[in-house]
Amino acid sequence: MNNNIVVFGAQWGDEGKGRFVDYLAAQADAVVRFQGGNNAGHTVAVDGKYFKLRLIPSGILYKNVLNVLANGVVFDVKGFFEEVDNLKKDGIPCENLVVSDRAHVVLPYHFELDGLSESKRSSDDKIGTTKKGIGPTYMDKSERSGIRVCDFVNEEVFPALLKKNIDTKNELIQKVYGGQPFDYDAILKEYSALAKRLKPFVRDTVTLLNAYVKDGKKLLFEGAQGALLDIDFGTYPFVTSSHPSSIGVPMGTGLAPKTIDSVVGVVKAYTSRVGAGPFVTELFDDVGDFIREKGGEYGTVTGRPRRIGWLDLVVVKHSALISGMEQIALTRMDTLAGVKKLKVCVAYELDGKTIDHYPADLTVLEKCKPIYKEFDGWDDDISKVRNYKDLPDAAKKYIETIEEITGAKVSMIGVGPNRDEAILVRNPYEA
Ligand code: GDP
Ligand code: IMO
Ligand code: MG
C-alpha cells in the first residue's frame, strides 16, 4: 500500500500529468502542487469536456478532495482568480482549494521582466519561456526580496514591501531595459482588492499537510513541467526555475522526504518539447509532422507548436535516476497508431563510444547521436482497449522495451485523452 504518491513529468513537460493526476485523485484525500506556477497547462478531459488547469491542481473536479497550492509554488493571484471564475462557470465550485501562506506571489513586474530579459537575449540564447513571470519570481525568492502570500494579505506589510520592490524594479526596467515604469498606486489598489479576496483561501499548509500524513490520509503530489526542465538536472539554461520531480516535494511542501511512498513518472510514448534547448531525437520530417498534427501538439499555455521526436529512453532513465521513479504512466500510445516503423532511442553515440547517461555539457550533448531500436508500428485504433492483453503485440513489445531499459514498471497506459481512456495495469496506490 502506498499512501503518498508523486506524479511528475519524465521528459520536457506536457506528458499528460494532468489527466493521470485526475485519474488517481479519485483515490486521494488531497492533491498538492509543490512547484512552478501557471506556466503549467494541465489538461483534464471527462466525457469529451476539456478543463485546462494552470495553477489549480488537477484534483479540483472531485469535491471531496482538498486541492493545495503549497509553499514551493509561485502564485499569480490574478491568474488564480481567472481560473477559479472560469471553473465556476463550468459548475466547479472551487471550495476545496487552499493556498500556502509561504508561497511567493507573482506581481506585474515579474511578467514584464520575464519578457524583457527574453528580449535581451540573442536568438541562440532565448529560452522561450511562457512569460508567466516564473523565473523573476523565483529570483526574488532567492534574492530575499520576494513577497509571500502571508505578506501579501497583511495590510500592514504589503504596501511597504510593494513600494520597495517597485522602486527597485522600475530602476531596472528603465535603466537596463529602457522600459516603462510601473505605477505603485495603481498596483497597490488592484492587488489590495485581490488580497482581500484571497484571504479565505490562505492556510498554513505545512501544518495542514503534516497532519494529513499523521492521520494516514492519501496525498497525491502533482508535478508541473518535466524533469528535463529541472533547474539542477535539466538542460540548463533551457529549463524552468524549479524542481519538477519528486526532489521538489519536500522543500515545496514542508513534508519530510520519507513521506513519499512511490514515484510515478508520466512518459509520453514519443517526445515533445516546447521552447528552446537540446533535443537529440527531434524529428524534422513527415513523421514528426504527422505526430504533431494527429496529436494536436500545440502548447496549452502559449499555443506554440511543440517540437516532436522519437521516444528518448536516455532522457527517461535520467529522470528515473534523479527522482526514484519506479512506475510509469505511459500516454499517447493511441497517437502513435498509423506510424509504420517506430524508433526508440536506447543510448547515445558520443565520439565513437556508446553512452547511456545524459551529459550536462550542452556542447557534448550536441555531439550525441541517437542509437535507435526499431519497432513495427500498429494500425489498430486502440482507444477502446481497457485491458493490457488486448493491445496489439507490436504495442506490447514497445512497452516491454520501455520497462526493460528504464527498470520502471508501466502501471497505467493512456489510449485517449479522456479520463476513462486508460489501461490500469496496476493501481499505484496498491502497488
Ligand atoms: P500535462 O502538462 O503533462 O498535464 O499535459 P498537457 O495537458 O499539456 O498535454 C497533454 C495533451 O495530451 C493534452 O491535450 C491531453 O488531453 C492529451 N492526452 C493525455 N493523455 C493522452 C493519451 O493517452 N492519448 C491522447 N490522444 N491524448 C492524451
Ligand atoms: P506543464 O506542466 C512544457 C518550458 C518553457 C520554456 C522553459 C522555461 O504543462 O508540463 P518558464 O516559463 O517556466 O520560465 O519557461 O520551460 N515550460 C514548459 N514546457 N510544459 C510545461 O508545463 C512548461 N512550463 C514551462 O516552454 O522552454
Ligand atoms: Mg502542459
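Residues numbered from 1 in each chain as written. Chains lettered and ligands numbered in written order. Predicted model: local features only at pLDDT ≥ 70, side-chain atom pairs only at ≥ 80, totals over all residues. Heavy atoms only, no water.

**A closer look at the overall build of the protein**
No. 1: Along its length, the protein carries 13 helices and 20 strands.
No. 2: Taken against the 2.2 N^0.38 rule, which gives 22 Å for 431 residues, the C-alpha radius of gyration of the protein at 22 Å falls within 12% of a compact globule.
No. 3: Here the C-alpha coordinates of the protein stretch approximately 65 × 50 × 40 Å along the principal axes.
No. 4: The buried share of the protein, reckoned over its 431 residues, is 59%.
No. 5: Residue pairs at least 24 apart in sequence account for 76% of intrachain contacts in the protein once pairs closer than 6 positions are excluded.
No. 6: Across the protein, 56 positive and 60 negative side-chain charges occur, with their mean positions spaced 2 Å apart. (Helix = DSSP H or I, 4+ residues; strand = E, 2+ residues; numbered from the N terminus. Rg over C-alpha atoms; globule rule 2.2 N^0.38 Å. Buried < 20%, exposed > 50% of the residue type's maximum accessible area, 1.4 Å probe, protein only. Contact = heavy atoms within 4.5 Å. Lys, Arg positive; Asp, Glu negative; His and termini not counted. Charge placed at Lys NZ, Arg CZ, Asp CG, Glu CD.)

**Digging into the coordination of the magnesium ion (ligand 3)**
No. 1: Around the magnesium ion (ligand 3), the donor atoms from the protein are Asp 14 (OD) and Gly 41 (O), and they sit 2.0 to 2.2 Å away. Separated by 27 residues along the polypeptide, Asp 14 in the loop between strand S1 (4–9) and helix H1 (17–25) and Gly 41 in the loop between strand S2 (30–33) and strand S3 (42–46) bring together distant segments of the chain.
No. 2: Judged by its relative accessible area of 22%, Asp 14 is partly exposed. (Donors = N, O, S within 2.8 Å, 3.2 Å for Na, K, Ca; no water.)

**Here we look at the layout of surface pockets**
No. 1: Considering only enclosed or pocket space, the largest pocket measures out at about 1,000 Å³ in volume.
No. 2: Taken together, the residues of the lining of the largest pocket break down into 19 nonpolar, 20 polar and 11 charged.
No. 3: Here the second largest pocket is characterised by a volume of approximately 470 Å³.
No. 4: Taken together, 23 residues line the second largest pocket, and the ones lying closest to its centre are Gly 16, Thr 43, Arg 306, Arg 332 and Pro 417.
No. 5: The set of elements that each furnish at least two residues to the lining of the second largest pocket consists of H1, S3 and strand S4 (49–53).
No. 6: With three residues, the single largest contributor to the lining of the second largest pocket is H1. (1 Å grid on protein atoms, 1.4 Å probe; cavity = no way out; pocket = protein on both sides within 12 Å on 5 of 7 lines; lining within 4 Å. Points joined across faces, edges and corners; volume = space filled by probe spheres on them. Nonpolar A, V, L, I, M, F, W, Y, C, P; charged D, E, K, R; others polar.)

**Considering the site of ligand 2**
No. 1: If you check the shell around ligand 2, you find 20 residues, and the closest are Lys 17, His 42, Thr 130, Gln 225 and Thr 240.
No. 2: Here an oxygen atom of ligand 2 and a side-chain polar atom of His 42 are 2.7 Å apart.
No. 3: For ligand 2, whose accessible area on its own is 550 Å², the fraction buried by protein is 98%.
No. 4: The residue inventory of the shell around ligand 2, partitioned by class, reads seven nonpolar, 10 polar and three charged. (Near = heavy atom within 4 Å. Polar contact = N/O pair within 3.5 Å; in protein donor to acceptor, adjacent residues only side chain to side chain. Areas by Shrake-Rupley, 256 points an atom, 1.4 Å probe, with all protein chains shown as cover.)

**Some points on helix H3 (residues 108–120)**
No. 1: The terminal C-alpha atoms of H3, which comprises 13 residues, lie 19 Å apart, in line with the 18 Å expected from a rise of 1.5 Å per residue.
No. 2: By the burial criterion, the buried members of H3 are Pro 108, Tyr 109, His 110, Leu 113, Asp 114, Gly 115, Leu 116 and Glu 118.
No. 3: Tucked inside the fold, the buried residues of H3 contact strand S8 (104–106), helix H4 (134–143), helix H6 (158–176) and helix H7 (184–198). (Expected span 1.5 Å × (residues − 1).)

**A short note on the environment of Ile 92**
No. 1: Assignment of secondary structure puts Ile 92 in the loop between helix H2 (77–89) and strand S7 (97–100).
No. 2: A sequence separation of 30 residues divides Ile 92 from Tyr 62, and the C-alpha atoms of the two residues are 8.9 Å apart.
No. 3: Every residue in contact with Ile 92, bar those within four places of it in the chain, is listed here: Phe 51, Ile 60, Leu 61 and Leu 87.

**Overview of unusual backbone geometry**
The phi torsion of most residues other than glycine is negative, and most of the peptide bonds are trans.
No. 1: The amide bond that connects Tyr 236 to the next residue, Pro 237, takes the cis arrangement and shows omega of 5°.
No. 2: With respect to the helices and strands, Pro 237 occurs in the loop between strand S10 (219–222) and helix H9 (248–253).
No. 3: You will see that Asp 14, though not glycine, has its phi angle at about 60°, which is positive.
No. 4: Positive phi, normally seen in glycine, also occurs at Arg 332, with a value near 70°.

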